[in-house]
Amino acid sequence: MTEVSEGGGVTLDDLKKKMADFAKERDWDQFHSPRNLLLALVGEVGELSEIFQWKGEVPRGLPDWKEEEKQHLGEELSDVLLYLVRLSDICGVDLGEAALRKMELNALKYPVKLCKGSSKKHNQINHHNHNADNNGVLTKSSSDNGV
C-alpha cells in the first residue's frame, strides 16, 4: 500500500525513511556502502536505458506506448530514484537541498538572456559581455562601451 504525506504527495524524506526501514528490516545496511549503492544505481540506469534503446526519438507522453511498457518504465525510473535517495542518505547528503542549490547554480551558469532556446554548454555561451552580481543579476562589465 502506498503512503503519502499530508500534502498528498510523496516526499524525498518519505522515500528516505521507507528505504532505510526496508534495508533495516532485511539486515541489508551491511551491504549499503556508497560504492555498492552507486554500482546498483548505475545498473538500474542501464536497465532504464534498455527501454529506450533502438526506439529513436520518443514524443512526450509516450502516446504510442502500451500501458505495460509505461508501467515497466515507471518501475525502472523508480529503481533509479530509490537507489539515488538511498545513496544520498548513506552519504549524508540532503538530496532535496542539494537539488535546489544545483538549480540555483545552473540558473547562474545558464542565464535566460544568453541561453533561451540554445542547447550550448555553459563554456560555449558568450559570457564575456556580461557578469552576474552577487544576486545573479546580469550587469554590463566595465569593459563594455568604454565604461
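Criteria and cut-off values
Residues numbered from 1 in each chain as written. Predicted model: local features only at pLDDT ≥ 70, side-chain atom pairs only at ≥ 80, totals over all residues. Heavy atoms only, no water. UniProt positions renumbered as here; feature names shortened; annotations may be inferred. Helix = DSSP H or I, 4+ residues; strand = E, 2+ residues; numbered from the N terminus. Buried < 20%, exposed > 50% of the residue type's maximum accessible area, 1.4 Å probe, protein only. Contact = heavy atoms within 4.5 Å. Areas by Shrake-Rupley, 256 points an atom, 1.4 Å probe, with all protein chains shown as cover. Expected span 1.5 Å × (residues − 1). Lys, Arg positive; Asp, Glu negative; His and termini not counted. Salt bridge = Lys/Arg side-chain N within 4 Å of Asp/Glu carboxyl O. Patch = residues over 30% accessible without salt bridge, like charges linked within 9 Å, V, L, I, M, F, W, Y side chains within 5 Å. Charge placed at Lys NZ, Arg CZ, Asp CG, Glu CD. Axes fitted to C-alpha atoms, helices over the stretch in contact; angles between N-to-C directions. Parallel < 35°, antiparallel > 145°, perpendicular 65-115°, else oblique. Nonpolar A, V, L, I, M, F, W, Y, C, P; charged D, E, K, R; others polar. Core = buried A, V, L, I, M, F, W, Y, C linked by side-chain atoms within 4.5 Å.

- The name given to the protein chain in an unreviewed UniProt entry is dCTP pyrophosphatase 1, with Nyssa sinensis as the source organism.
- If you open the UniProt record of the protein chain and go to Catalytic activity (unreviewed entry), you find "dCTP + H2O = dCMP + diphosphate + H(+)".
- Here the protein chain is described in UniProt, under the heading Subunit (unreviewed entry), as follows: "Homotetramer."

1. Digging into the overall build of the protein chain
Then, in step 1: Across its full length, the protein chain holds five helices and two strands.
Then, in step 2: Reading the protein chain from its N end, one meets helices and strands in the order α-α-α-α-α-β-β.
Then, in step 3: The buried share of the protein chain, reckoned over its 147 residues, is 16%.
Then, in step 4: Taking as baseline every contact in the protein chain between residues at least 6 positions apart, the subset at least 24 positions apart corresponds to 46%.
Then, in step 5: In the structure as shown, the protein chain presents an accessible area of about 11,500 Å², 54% of it carried by carbon and sulfur atoms.

2. Description of helix 3 (residues 67–90)
Then, in step 1: With 24 residues, helix 3 should reach 34 Å at 1.5 Å per residue; the first-to-last C-alpha distance of 34 Å fits that figure.
Then, in step 2: Within helix 3, burial applies to Leu73, Glu76, Val80, Val85, Arg86, Leu87 and Ser88.
Then, in step 3: The secondary structure elements touched by the buried residues of helix 3 are helix 1 (12–25), helix 2 (34–52) and helix 4 (95–109).

3. Considering the side chain of glutamate 76
Then, in step 1: Relative to the elements of secondary structure, glutamate 76 occurs in helix 3.
Then, in step 2: Although glutamate 76 lies buried, it forms no salt bridge, and the closest oppositely charged side chain, lysine 55, sits 14 Å away as judged by the N-O distance.
Then, in step 3: In this view, glutamate 76 contacts Glu44, Glu47, Leu48 and Ile51; residues no more than four positions away in its chain are not counted.

4. Focus on the pattern of salt bridges
Then, in step 1: Under the definition given, this model contains five salt bridges.
Then, in step 2: We note a salt bridge from arginine 86 to aspartate 29, for which the minimum N-O separation is 2.4 Å. With arginine 86 in helix 3 and aspartate 29 in the loop between helix 1 and helix 2, the pair connects residues that are 57 residues apart, well separated along the chain.
Then, in step 3: Taken together, the salt bridges that share partners define one network made up of Asp29, Arg86 and Asp89.

5. Here's the deal with a negative patch on the surface
Then, in step 1: The grouping of Asp13, Asp94, Glu97 and Glu104 at the surface amounts to a negative patch.
Then, in step 2: Here aspartate 94 shows up in the loop between helix 3 and helix 4.
Then, in step 3: Since its relative accessible area comes to 48%, aspartate 94 is described here as partly exposed.

6. Section: the packing of helix 1 against helix 3
Then, in step 1: At a closest axis distance of 9 Å, the pairing of helix 1 and helix 3 adopts a crossing angle of 85°. The angle between the axes of helix 1 and helix 3 places the two elements in the roughly perpendicular class. Residues Leu12, Leu15, Lys16, Met19, Ala20 and Ala23 of helix 1 pack against Leu81, Leu82, Val85, Arg86 and Asp89 of helix 3.
Then, in step 2: Residue composition of the contact of helix 1 with helix 3, by class: eight nonpolar, no polar and three charged.

7. Quick notes on the environment of lysine 70
Then, in step 1: Topologically, lysine 70 is positioned in helix 3.
Then, in step 2: With 19 residues separating them along the chain, lysine 70 and isoleucine 51 place their C-alpha atoms 9.8 Å apart.
Then, in step 3: Residue contacts for lysine 70: discarding those within four places in its chain leaves Gly61, Leu62 and Trp65.

8. Remarks on the nonpolar core
Then, in step 1: Core analysis: the biggest nonpolar cluster contains nine residues, these being Leu37, Leu41, Leu48, Ile51, Leu62, Trp65, Leu73, Val80 and Leu87.
Then, in step 2: For this core, the secondary-structure elements that each account for two or more residues are helix 2 and helix 3.
Then, in step 3: The biggest single contributor to this core is helix 2, with four residues.
Then, in step 4: Not counting chain neighbours up to four residues away, the residues in contact with leucine 87 comprise Pro34, Leu37, Leu38 and Leu41.

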